[in-house]
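Observations on the model geometry
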Amino acid sequence: MAPLTDFYQLTMAYGHWRAGRHRLPAAAELFFRRGPFRGAFALGAGLAEGLRCLRAFRFSAADVAYLRSVLPSTTEDAFFDYLATLDASEVTVSAVPEGSVVFARVGRARYPPLLWRGCGTVGSHVPGEDGDVTAWLSPQVPFLQVKGPLLVVQLLETMLLCLVNYASLVATNAARFRLLAGPDMKLMEIGLRRAQGPDGALSASKYSYIGGFDCTSNVLAGKLYGIPVRGTIAHSFIMSFTSLEEVQPRELLPLAGGEPVDLPALAKSLLQWVCELLQTPPEKTNRGELAAFVSYAISFPHDFQGLLDTYCVRRSGLPNFCAVALALHQLGYRAIGVRLDSGDLAQQSKEIRKVLRACGAHFQVPWFETIPIAVSNDISEQSLEEFSRELVEVNGSPCMKLTEDEEKMTIPGTKTIYRLYDVAGHPFMDLMALEEEPLPSAGQELAIRVLGRLGETSKVVPTTVEPLHRTYFRDGQVCEPLPSLPEVRSHAQVSLSLLSPAHRRLHEPQPYPVAVTERLHNLLTELRQATQ
């Protein structure tokens, strides 16, 4: 995976090597400046993939041969020999557990605002709606910290950003949908056919699941990651039928046993009663649609779901569904739901619910009133709401980026990050301290400086103090057990549930404060004065 990098990382690496700086100990951080989607938080994801790639980080003979062909001819042969010896055995990585909430200043970033505090000022390259957008990002609580030889740390930047950027964006987006939907509504990811290739599709399925979705339509993602897979029928299936005569086989055994029943005939007779109740002319219903529903119901009597909008929802899709669902009911089965894929989804859902309740009452089938209504096609937060990392240390010396814009000023030194909780159990502040500082104690008054208000000292008394980072990679190996995908998903939901309502809300969230200790603030002041 070592060649998964930007070309300028290699030219900079050569510069470090020529200057004899390549073995200097370095520390770098990957962090969020702003929460994506104008929110107050992001969900950190992609850590496990990053660790797997770190373990495999090395340049093969073929990689080195390729680099010889693309780097300038003046590049010394000894540099390529050195690249062939590189691995991540001297790299240490600490990070917040995957699926953790990571706070950032509230801004207008719509894409995953991640930056690597690396050599010089670099931006994360993330896809935008009108091409590519380079996001220049300021310091915040690091999601991931990397320590190791300067040249290796430099080369790891692009790879880790690539693996964490998209993952965190998708997981955060999914988490926002879950917060809007509430804990009970089922959310299904069905983006495979629109995804950025197979890799993008698999990542979307995986990180949507971490963010809180319940299932996916992506069969390969289900096989690889154990995500529940779901799906029923598409419009093409319904349009392939023209009449009930095409239904084969025609009979279905009652659930309790007995003689098989001609399901097309039973559904056709019930359709008359349904149309009379709904005051819909039977001749307006599409018989090909009815045939498709019947055929699917015979194949999957326990999992029948009707797609209602291939033709007309009110005059055809809904009556045909009700007729087939009632026929299944007479044989002891229950339909599992209906789906809408076009139109005013919210309004149609309300109308469909009224019809289902009316049918349930008229035909004395109580479960009809609670048949689930699924909606698909360009679901946004709004429509769903209607329903319901620059280097921070080189050779032991802290580095900072100095700028008039405080948002873009980096926080110097190798740091330890703590999350402070209030008496209600909500996180109310993240605190950055120098690595050598003692652990803050719960119930102890702390003197801190809040970013954005560094000119004044504040006092806080946390009820609970949680060190955010764990060491996951050391001496070339993963040194912390990695949780399973369901465990990461569960951790993400717990992290989200702990947020206070003011920080959890998706519109105009209250900014989450990030602070530094007095010692770290003093170091920042000294470096600023020295630079000036």
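Residues numbered from 1 in each chain as written. Predicted model: local features only at pLDDT ≥ 70, side-chain atom pairs only at ≥ 80, totals over all residues. Heavy atoms only, no water.

1. A closer look at the nonpolar core
F59, L83, F143, L144, L155 and L156 are the most contacted members of the largest nonpolar core, which has 58 residues in total. It is helix 5 (residues 150–181) that provides the largest number of residues to this core, a total of 11 residues. V247, C322, V338 and C359 belong to the second-largest nonpolar core, a separate cluster that totals 49 residues. (Core = buried A, V, L, I, M, F, W, Y, C linked by side-chain atoms within 4.5 Å. Buried < 20%, exposed > 50% of the residue type's maximum accessible area, 1.4 Å probe, protein only. Helix = DSSP H or I, 4+ residues; strand = E, 2+ residues; numbered from the N terminus.)

2. Details of helix 12 (residues 345–362)
Relative to the 26 Å expected for 18 residues at 1.5 Å per residue, helix 12 spans 25 Å between its end C-alpha atoms, a close match to the ideal helical length. Buried within helix 12 we find L345, A346, Q348, S349, I352, R353, V355, L356, C359 and G360. Downstream of helix 12 by one or two residues, Q364 has phi in the positive range, about 55°. (Expected span 1.5 Å × (residues − 1).)

3. Structural notes on the side chain of T158
Looking at the secondary structure, you find T158 in helix 5. In this structure the side chain of T158 is engaged in a polar contact, spanning 3.0 Å, whose partner is the side chain of Q9. Beyond its immediate stretch of four places on either side in the chain, T158 contacts L4, T5, D6 and Q9. (Polar contact = N/O pair within 3.5 Å; in protein donor to acceptor, adjacent residues only side chain to side chain. Contact = heavy atoms within 4.5 Å.)

4. Structural notes on the packing of aromatic side chains
Within this structure, the stated rule accounts for 13 aromatic pairs. Ring geometry for W367 and F368: centres 5.1 Å apart, planes at 50°, overall tilted. Members of the aromatic cluster, each reached through a chain of ring pairs, are Y14, W17, F79 and F80. In this structure, R489 is placed above the aromatic ring of Y209, and the distance from its NZ or CZ to the ring centre is 4.6 Å. (Phe/Tyr/Trp six-rings, centres within 6.5 Å; stacked < 30°, edge-to-face > 60°. Lys NZ or Arg CZ within 6 Å of the ring centre and 35° of its normal.)

5. Re the layout of surface pockets
Considering only enclosed or pocket space, the second largest pocket measures out at about 240 Å³ in volume. For the second largest pocket, the lining is made up of 17 residues, of which E98, L482, P483, S484 and V488 are closest to its centre. Secondary-structure elements contributing two or more residues to the lining of the second largest pocket are helix 2 (47–55), helix 6 (197–211), strand 23 (470–474) and helix 14 (485–497). Residues belonging to the lining of the second largest pocket are distributed by class as follows: 10 nonpolar, 2 polar and 5 charged. (1 Å grid on protein atoms, 1.4 Å probe; cavity = no way out; pocket = protein on both sides within 12 Å on 5 of 7 lines; lining within 4 Å. Points joined across faces, edges and corners; volume = space filled by probe spheres on them. Nonpolar A, V, L, I, M, F, W, Y, C, P; charged D, E, K, R; others polar.)

6. Side note on a nonpolar patch on the surface
Among the surface-exposed residues, F7, Y66 and V70 lie close enough to one another that they form a single nonpolar patch of about 290 Å² accessible area. When you line up the elements, Y66 lands in helix 3 (residues 61–70). Overall, the relative accessible area of 52% leaves Y66 in the exposed class. (Patch = residues over 30% accessible without salt bridge, like charges linked within 9 Å, V, L, I, M, F, W, Y side chains within 5 Å. Areas by Shrake-Rupley, 256 points an atom, 1.4 Å probe, with all protein chains shown as cover. Salt bridge = Lys/Arg side-chain N within 4 Å of Asp/Glu carboxyl O.)

7. Describing the sheet that holds strand 21 (residues 453–460)
The strand order 21-20-25-19-18-22 describes an open sheet built from 6 strands, whose pairing is mixed. Only two strands of the sheet have a single partner each, and these edge strands are strand 21 and strand 22 (464–467). For this sheet, the mean inter-axis angle between neighbouring strands, taken without regard to orientation, is 35°. Pairing geometry for strand 20 (residues 446–450) and strand 25 (residues 514–517), over 3 bridges, is antiparallel. Paired with R449 across the strands is V516, a residue of strand 25. (Pairing = 2+ DSSP bridges. Axes fitted to C-alpha atoms, helices over the stretch in contact; angles between N-to-C directions.)

8. Remarks on the environment of A27
Checked against the element boundaries, A27 lands in strand 1 (residues 25–32). Take A27: its relative accessible area is 5%, and that puts it in the buried class. Between the C-alpha atoms of A27 and T92, which are 65 residues apart in sequence, the distance is 9.3 Å.

9. Side note on the pairing of strand 20
Of all 5 residues in strand 20, 4 are buried; the element is thus mostly enclosed. With 4 bridges joining them, strand 20 and strand 21 adopt antiparallel strand pairing. Of the residues in strand 21, the one forming a bridge with V450 is R453. Where strand 20 hands over to strand 21, the hairpin turn is made up of 2 residues, of which G452 adopts a positive phi near 95°.

10. As for the pattern of salt bridges
All chains considered together, the criterion is met by 16 salt bridges. Ionic pairing is found between E90 and R23, a salt bridge with its closest N-O pair at 2.6 Å. Linking E90 in the loop between helix 4 (77–83) and strand 3 (92–95) with R23 in the loop between helix 1 (7–18) and strand 1, this pair joins segments that are 67 residues apart in sequence. E90 gets classed as partly exposed once you look at its relative accessible area, which sits at 43%. On the basis of relative accessibility, which here comes to 44%, the residue R23 falls in the partly exposed class.

11. Examining helix 11 (residues 313–330)
Between its terminal C-alpha atoms helix 11 stretches 24 Å, which fits the 26 Å expected from 18 residues at 1.5 Å a residue. In the segment just after helix 11, G332 is the residue with positive phi, at about 95°.

12. Remarks on the sheet that holds strand 15 (residues 373–375)
If you trace the 3 strands from one edge of the open sheet to the other, you get 13-14-15, paired in parallel fashion. Since the sheet does not close on itself, it has two edges, and those belong to strand 13 (305–307) and strand 15, each with one partner. Averaged over all pairs of adjacent strands, the angle between their axes in this sheet comes to 25°, without regard to strand direction.

13. Some details on the packing of helix 9 (residues 263–278) against helix 11
With their axes 8 Å apart at the nearest point, helix 9 and helix 11 run at an angle of 125° to one another. Considering the angle they form, helix 9 stands oblique to helix 11. In the crossing of helix 9 with helix 11, the sense of the turn from one axis to the other is right-handed. When helix 9 is examined against helix 11, the residues L263, L266, A267, L270, L271, V274, C275 and L278 are found in contact with a partner set consisting of R314, P319, N320, C322, A323, V324, L326, A327, L328 and Q330. (Parallel < 35°, antiparallel > 145°, perpendicular 65-115°, else oblique. Left-handed = near helix turned anticlockwise from the far one by under 90°.)

14. So, the confidence of the model for the protein
Put simply, the protein has an average pLDDT of 86, and 86% of its residues get 70 or more. Mean pLDDT across the secondary structure elements of the protein bottoms out at strand 7 (residues 131–135), with 25, and peaks at helix 4, with 98. Note that residues 105–114 has pLDDT below 50 and, in this model, 54 contacts with residues that lie over four places away or in other chains. The low-confidence segment residues 118–139, where pLDDT is below 50, has 68 contacts with residues more than four positions distant or belonging to other chains. (pLDDT = per-residue confidence, 0-100.)

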